[in-house]
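Read off the chains here:
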Amino acid sequence: MAKNGRLLLTGGSGMVGRNILEHPLSAEWDIVAPTSRELDLTDANAVNEYVAEVQPDLVVHAAGQVGGIQANMAHPVAFLERNTSMGRNIIMASYQSGVQKFLNLASTCMYPRAAPNPLSEDMILTGELEPTNEGYALAKIMATRLCQYIGREDEAAQYKTLIPCNLFGRHDKFDPKHSHLLPAIIHKVHLAKTNGEDTVEIWGDGTARREFMYAGDLADAVLKASGDIDNLPDLMNTGLGHDFSINEYYQTVADVIGWKGDFVHDLSKPVGMKQKLCATDRQSAWGWSAPTTLHDAIQRTYDFYLNEATK
Ligand SMILES: NC(=O)c1ccc[n+]([C@@H]2O[C@H](COP(=O)([O-])OP(=O)(O)OC[C@H]3O[C@@H](n4cnc5c(N)ncnc54)[C@H](OP(=O)(O)O)[C@@H]3O)[C@@H](O)[C@H]2O)c1
Ligand SMILES: C[C@@H]1O[C@H](OP(=O)(O)OP(=O)(O)OC[C@H]2O[C@@H](n3cnc4c(=O)[nH]c(N)nc43)[C@H](O)[C@@H]2O)[C@@H](O)[C@H](O)[C@@H]1O
């Protein structure tokens, strides 16, 4: 089968990257996916040389310093500086090397904390950011704007940005020091079941709402977008169009894992944004929606956790 061309994937060893590499559509591309040891994206000279050598037809930027609310609060310098450096280096190296197609991955955390939900792409920079992840959000906004500016200055440059909602899935991080909500719940409920405990702690009062998409579905969107980049808007949310409360996520994971117990709320823990549901008008107009149900996504993630992450 003729390939679409050479795709340079950053972050190939991360959760999103591994889901992209596992997806059947990845076979349509000749994919090069350096790890951070093979290519440190914070080293501008190394990135310039690597991109000039590989000469990709398309770059998908899925690398980053990524973590849950606790990691972002603990390391704002790294989340701002490293993500800014990586984004600037790979975008500018690609543009200066003549790469005409670039797909940047941002995050719904870059929306203003008090913006009305659902969050639409024109709301970026219209208000103050969520303090718990401000550094990460600033870095994401910088990279997103850089891609937009390149596209405006050079109509041949298709530098587009997808703005995913929260994600979870196979190859997620389950260590409580770094994990996002869903892998944290799976880890805690699994331990409670295994150890015969009858309570599990929820951070906050559990009324905050989140939109968690299965990472395998985001991989589907990324690969379809990679093959259709000319028809993408410059910014496009990739989400579900609906959200659940933190409490509902805990209960659904307990149902999937088969643990019956009580939840206790630790109100001293950070809760971040009350809600960050993204608008899916542009995504619907482009013709994509996420196919995996929450229950199936949790089951597949738990299967991965049991088979891989606890080895
Ligand atoms: N997870 C979410 O909930 C979520 C939600 C919205 C958007 N996103 C976005 O999706 C992308 C991927 O997220 P993820 O969850 O897959 O993150 P992840 O699992 O933490 O993976 C991060 C990836 O970035 C690479 N990386 C980190 N520092 C690097 C460096 N200095 N040089 C080169 N590579 C480096 C890592 O490579 P090594 O493993 O080799 O170090 C790893 O492959 C990020 O842009 C993130 O902002 C994630
Ligand atoms: C997509 C990511 O969103 C991230 O914000 P954010 O959704 O609050 O990040 P999460 O860590 O997924 O937290 C989501 C919500 O779950 C609550 N929560 C309840 N129990 C737990 C738990 O045991 N662990 C965790 N981690 N949360 C828990 C937490 O208070 C917060 O309201 C940003 O910090 C990142 O930079 C990134 O943008």
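Residues numbered from 1 in each chain as written. Chains lettered and ligands numbered in written order. Predicted model: local features only at pLDDT ≥ 70, side-chain atom pairs only at ≥ 80, totals over all residues. Heavy atoms only, no water.

Participant: Please explain the sheet that holds strand S5 (residues 158–164) as it appears in this structure.
Facilitator: Adjacent strands of a sheet form backbone hydrogen bonds with each other and so pair up, either parallel or antiparallel. Spatially, the six strands line up as an open sheet ordered S2-S1-S3-S4-S5-S10, and their pairing is parallel. Where the open sheet ends on each side, the last strands, each with one partner, are strand S2 (30–32) and strand S10 (235–238). Pairwise comparison of adjacent strand axes, ignoring direction, gives a mean angle of 20° for this sheet. Here four bridges tie strand S1 (residues 6–10) to strand S3 (residues 58–61), and the two strands are oriented parallel to one another. By the bridge assignment for S3, Leu7 is matched with Leu58. Helix H7 (residues 215–226) contacts S1, S3, strand S4 (101–105), S5 and S10 of the sheet and is inclined by roughly 160° relative to S4. (Pairing = 2+ DSSP bridges. Helix = DSSP H or I, 4+ residues; strand = E, 2+ residues; numbered from the N terminus. Axes fitted to C-alpha atoms, helices over the stretch in contact; angles between N-to-C directions. Contact = heavy atoms within 4.5 Å.)

Participant: Please explain helix H8 (residues 246–257) as it appears in this structure.
Facilitator: Two residues of an α-helix separated by three or four positions point the same way, owing to the 3.6 residues in each turn. Between its terminal C-alpha atoms H8 stretches 17 Å, which fits the 16 Å expected from 12 residues at 1.5 Å a residue. For H8, the full list of buried residues reads Ile246, Tyr249, Tyr250, Thr252, Val253, Ala254, Val256 and Ile257. Following H8 by one or two positions, Gly258 adopts a phi angle in the positive range, close to 80°. (Expected span 1.5 Å × (residues − 1). Buried < 20%, exposed > 50% of the residue type's maximum accessible area, 1.4 Å probe, protein only.)

Participant: Any chance you could explain the site of ligand 1 here in plain terms?
Facilitator: Around ligand 1, a shell composed of 28 residues is seen, among which Val16, Ser36, Tyr136, Lys140 and Lys173 lie nearest. In the environment of ligand 1, an oxygen atom lies 2.9 Å from a nitrogen or oxygen atom belonging to the side chain of Ser13. Here ligand 1 loses 88% of its free accessible area of 900 Å² to cover by the protein chains. Residue assignment for the shell around ligand 1 shows that the elements contributing at least two residues are helix H1 (15–22), helix H4 (76–96), helix H5 (134–153) and strand S6 (166–168). Among the residues forming the shell around ligand 1, the class breakdown is 14 nonpolar, 10 polar and four charged. (Near = heavy atom within 4 Å. Polar contact = N/O pair within 3.5 Å; in protein donor to acceptor, adjacent residues only side chain to side chain. Areas by Shrake-Rupley, 256 points an atom, 1.4 Å probe, with all protein chains shown as cover. Nonpolar A, V, L, I, M, F, W, Y, C, P; charged D, E, K, R; others polar.)

Participant: What is the right way to read the packing of H1 against H7 from this model?
Facilitator: Packed helix pairs are characterised by how far apart their axes lie and by the angle those axes make with each other. Here H1 crosses H7 at 65°, and the two axes come no closer than 8 Å. By the angle class used here, H1 and H7 are roughly perpendicular. Crossing hand, H1 versus H7: right-handed. Facing H1, whose interface residues are Met15, Val16, Asn19 and Ile20, H7 presents Ala215, Gly216, Leu218, Ala219, Val222 and Leu223. Of the residues assigned to the contact of H1 with H7, the class counts are eight nonpolar, two polar and no charged. (Parallel < 35°, antiparallel > 145°, perpendicular 65-115°, else oblique. Left-handed = near helix turned anticlockwise from the far one by under 90°.)

Participant: Help me understand the UniProt feature "binding site: substrate" (unreviewed entry) in the protein chain in this model?
Facilitator: UniProt annotation of "binding site: substrate" (unreviewed entry) refers to Lys188, Trp203 and Arg210 when read in the numbering used here. Tracing the backbone through its elements, the reader meets Trp203 in strand S7 (residues 199–203). The exposure class assigned to Trp203 is partly exposed, which follows from its relative accessible area of 26%. Apart from the residues lying within four places of it in its own chain, the contact partners of Trp203 are Ile69, Gln70, Lys188, Tyr250, Asp266, Lys269 and Pro270. In terms of polar contacts, Trp203 uses its side chain to reach the side chain of Glu201, at 3.4 Å. Tracing the backbone through its elements, the reader meets Arg210 in strand S8 (residues 209–210). With near-sequence residues (within four places) excluded, Arg210 lies in contact with Asn166, Asp243, Phe244, Ile246, Tyr249, Val271, Gly272, Met273, Lys274, Gln275 and Lys276. (UniProt positions renumbered as here; feature names shortened; annotations may be inferred.)

Participant: Would you mind going over the side chain of Asn83 with me for this structure?
Facilitator: Tracing the chain through its elements places Asn83 in helix H4. Here Asn83 falls in the buried class, since its relative accessible area comes to 6%. A distance of 2.8 Å separates a polar side-chain atom of Asn83 from the backbone oxygen of Phe79. The contact partners of Asn83, leaving out residues within four places of it in the chain, are Gly64, Gln65, Ala78, Tyr136 and Ala139.

Participant: Would you take a moment to explain the pattern of salt bridges for this structure?
Facilitator: Evaluation of the coordinates by the stated rule reveals 11 salt bridges. Here Glu130 ties to Arg113 by a salt bridge, and the two come within 3.5 Å at their closest N and O atoms. Of this pair, Glu130 sits in the loop between S4 and H5 while Arg113 sits in the loop between S4 and H5, and the two are 17 residues apart along the sequence. Classification of Glu130 as buried rests on a relative accessible area of 4%. The residue Arg209 makes a salt bridge to Asp243 at a minimum N-O spacing of 2.9 Å. Of this pair, Arg209 sits in strand S8 while Asp243 is found in the loop between S10 and strand S11 (244–245), placing the two residues 34 residues apart along the sequence. By sharing partners, the salt bridges in this structure join Arg113, Glu128 and Glu130 into a single network. (Salt bridge = Lys/Arg side-chain N within 4 Å of Asp/Glu carboxyl O.)

Participant: What am I meant to see in the site of ligand 2 here?
Facilitator: Contacts to ligand 2 come from 23 residues, most closely from Lys188, Arg210, Tyr250, Pro270 and Val271. The contact in question runs from an oxygen atom of ligand 2 to an N or O atom on the side chain of Asn166, over 2.8 Å. Between ligand 2 and the protein, one listed contact pairs a nitrogen atom with a backbone N or O atom of Ser179 at 3.1 Å. For the shell around ligand 2, the per-class residue count stands at 11 nonpolar, nine polar and three charged.

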